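# Overview (structure and organization)
Listed below are the residues making up each chain.
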Amino acid sequence: MANDLIVGIDLGTTNSLVAYMDGDTPRVIPDREGRNLLPSVVSFAAEGIVVGEAAKRQLLFRPEKTVYSVKRLMGRGYEDVKGELRFFPFQIVPMEQELVRIRIGEREVTPPEVSALILNELRRRAEEHLGQEVRRAVVTVPAYFNDSQRQATRDAGKIAGLEILRIVNEPTAACLAYGLQKKKQGMIAVYDLGGGTFDISILKVKDGIFEVLATNGNTHLGGDDFDQRLMELILREIREQFGVDLVGNPEAVQTVRLGAEQAKCRLSSEAVTEMALSFPGDLVKYGRQLSRKEMESLVEDLVEQTVAPCQTALADAGLDAAQVDEVVLVGGATRTPLVRQRVRELFGKVPRAELDPDEVVALGAAVQAHILAGKITEMLLLDVNPLSLGIETLGGVMSVLIPRNTTIPHAAKEQFTTSVDGQTVVDLHVLQGERELVKDCRSLARFELRGIPPMPAGIPRIEVTFLIDANGILNVAAKELRSVTEASVEVKPSYGLTDAEVERMIEESVKFAEADVRARLLVEARNEADQVIRATEKALSDGAPLISMEEMAAIHSALAALKTARDTDDLDLLRERLESLNGATKHLAQLLIDNALKEAFANKRIDEVVERT
């Protein structure tokens, strides 16, 4: 049974999920509190590493040691992200031509390490729910993720101790989730606007075969950018109203960010919302009404940026919008009414969103996992590579071997020759991109073909083979046909984690696994203690007249004991003190509930008398 179990994971920018097949139905696995979404946030607290809701709460207290939106950094170099560093409270190490590294205190971590911690938490959740070990998974990525970003995702899986059997494009996974239930036939457009990425995919569905015809998008556009626009407005208004610039205050900026995110979410269902932000140390008190119309004016140009990729994908698929039978919405940002309106205008039909847009990708990943396990045989997934692949030729020109939107897996061969007499070594430069010149494309790898017999220029026949697998990962081989000299490489990003680094991270994850779990439990217990302390203090203020002096003294004693235990590292003591305080306040809580019910009943009787008179 354990060998057959493969879970589906949506490793998201804002939230992540894990799903499995319950019979023939995909289901998202909840945590102990019944929450399906795991915030993609990791906090490196003094007592250890925490992930998810507990880490998200640390954003207000330890923003410089709490990492969020790490998916935006996956497989990217410092030059790729330096324009947005001001948006992150944590520090990015300025290292050119190397994978981004995040400095947390005295240590440095990479985005794959942070993502591995999120994957580990999802795996733990799945194992607890299913009652068995989980070691294999299908993981989704944005369709427009390049080779470096896909490789970083594979590295994260390795570090987390997961064998990633397949990397599936998110829009394709969403279509699988719908296809399992509806068995749709025709042309489907999947519009996927998540927390940090946008993808559009055009699929042809017939007789259970899902064929991706074209894909396009933007790996750096999503709901986070909506939040950022509202953040900038709030920060500007605080500066103008109070003369206080909060930009250099990480705690205050995170308060603004979380407030902006909450207001944006409320405006998806409300026309107007109230914002009230209090800052650490009573720095300022900011409040205002925000209308949906105002919010839409802030993000209208961002929504418009999704239109051109949609039009390009349609053109690549040889279709116009009228030929699309269904439009499927994916990603939490598609709850924004302006987004839905623009999609309806673009495709001329009401988009479908029967499945939760936050969950549909994870559900589709579970379906793909079921296909790989041999449990579904009547369904087939044919995906495409998002960007052209080729090599550098004379004059710094990009020579394409596999064009973008080619169905994968796929192999391509092409012959080249030398340009210099007696040349015995050929340097092969593997590239990805849509531009004509090498300088405008992304370098994926370099390797050498050595041992070519000396011959006049133009005589050697060098055959280059590109093989792109079902995960979108590329292997390149080269051989000189006359002498059968060969060389090959599994293409790794020009900057990324080495095999040795990955192995070290795997060893550390095993070594510190028990300590990390205990650290997480300690932080969660401290958070619970903070909530209980606040609730008890309020209950004492409201209910003092209802209890005896002896009971009041017992509650104060238990409360003081919990406050003392809260600042220790003794998890067992903290739990014991929590139970003691809960026991001491049980009678007071019951009296407060009874009192509230009496007041509500009395008010109801008064209303009835007023109504009769």
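Below: a short report on this structure. Just so you know, these numbers come straight off a predicted model, no measurement behind them. (Residues numbered from 1 in each chain as written. Predicted model: local features only at pLDDT ≥ 70, side-chain atom pairs only at ≥ 80, totals over all residues. Heavy atoms only, no water.)

### What to know about the environment of Ala353
To be explicit about the condition: The numbering of helices and of strands both runs from the N terminus, where a helix is a DSSP run of H or I of at least 4 residues and a strand a run of E of at least 2. Burial classes: relative accessible area under 20% of the type maximum marks a residue as buried, over 50% as exposed, and values in between as partly exposed (1.4 Å probe, protein chains only). Every residue pair with non-hydrogen atoms within 4.5 Å of one another is taken to be in contact.
Structurally, Ala353 is set in the loop between helix 10 (337–347) and helix 11 (360–372). With a relative accessible area of 28%, Ala353 lands in the partly exposed category. Taking the C-alpha atoms as reference, Ala353 lies 9.8 Å from Tyr178; in sequence the two are 175 residues apart. Setting aside residues no more than four positions away along its own chain, Ala353 makes contact with Tyr178, Leu329 and Arg340.

### Re the packing of helix 8 (residues 292–304) against helix 10
The geometry of a pair of packed helices is captured by two quantities: the angle between their axes and the separation between those axes. The condition is simple: Helix axes are fitted only over the stretch in contact, all axes being lines through C-alpha atoms; the angle between N-to-C directions runs from 0 to 180 degrees. What sets the label is the angle itself: under 35 degrees gives roughly parallel, over 145 gives roughly antiparallel, 65 to 115 gives roughly perpendicular, and the rest give oblique. Less than a right angle of anticlockwise turn of the near helix away from the far helix marks a crossing as left-handed, whereas a clockwise turn marks it as right-handed.
Where helix 8 meets helix 10, the axes come as close as 9 Å, and the angle between the chain directions of the two elements is 50 degrees. Taken together, the axis directions place helix 8 and helix 10 in an arrangement best described as oblique. Crossing handedness for the pair helix 8 and helix 10: right-handed. Residues Arg292, Glu296, Val299, Glu300, Val303 and Glu304 of helix 8 pack against Pro337, Leu338, Val339 and Arg342 of helix 10.

### Side note on unusual backbone geometry
Among all residues except glycine, the phi angle is most often negative; among peptide bonds, the trans geometry is most common. In this model, Ile408 is joined to Pro409 through a cis peptide bond whose omega is 5 degrees. Its place among the elements puts Pro409 in the loop between strand 22 (407–408) and strand 23 (410–416). One non-glycine residue, Asn405, adopts positive backbone phi at about 65 degrees. By the secondary structure assignment, Asn405 is in the loop between strand 21 (397–402) and strand 22.

### Comments concerning the environment of Ala539
As for its position among the elements, Ala539 is in helix 13 (residues 513–543). Between the alpha carbons of Ala539 and Thr585 there is a distance of 8.7 Å; along the sequence they are 46 residues apart. Here Ala539 is in contact with Ala544, Leu588 and Leu592, once residues within four sequence places are set aside.

### Side note on the packing of aromatic side chains
Which entries qualify depends on this criterion: Two aromatic rings, drawn from Phe, Tyr or Trp (for Trp, its six-membered ring), form a pair once their centres lie within 6.5 Å of each other, and the interplanar angle then sorts them: stacked below 30 degrees, edge-to-face above 60, tilted otherwise. Look at NZ for Lys and CZ for Arg. If either is within 6 Å of the ring centre and within 35 degrees of the ring normal, a charge sits over the ring.
Counted under the stated rule, the structure contains four aromatic pairs. Ring pairs connect the aromatic residues Tyr68, Phe88 and Phe90, which therefore count as one cluster. In this structure, Arg257 is placed above the aromatic ring of Tyr68, and the distance from its NZ or CZ to the ring centre is 3.8 Å.

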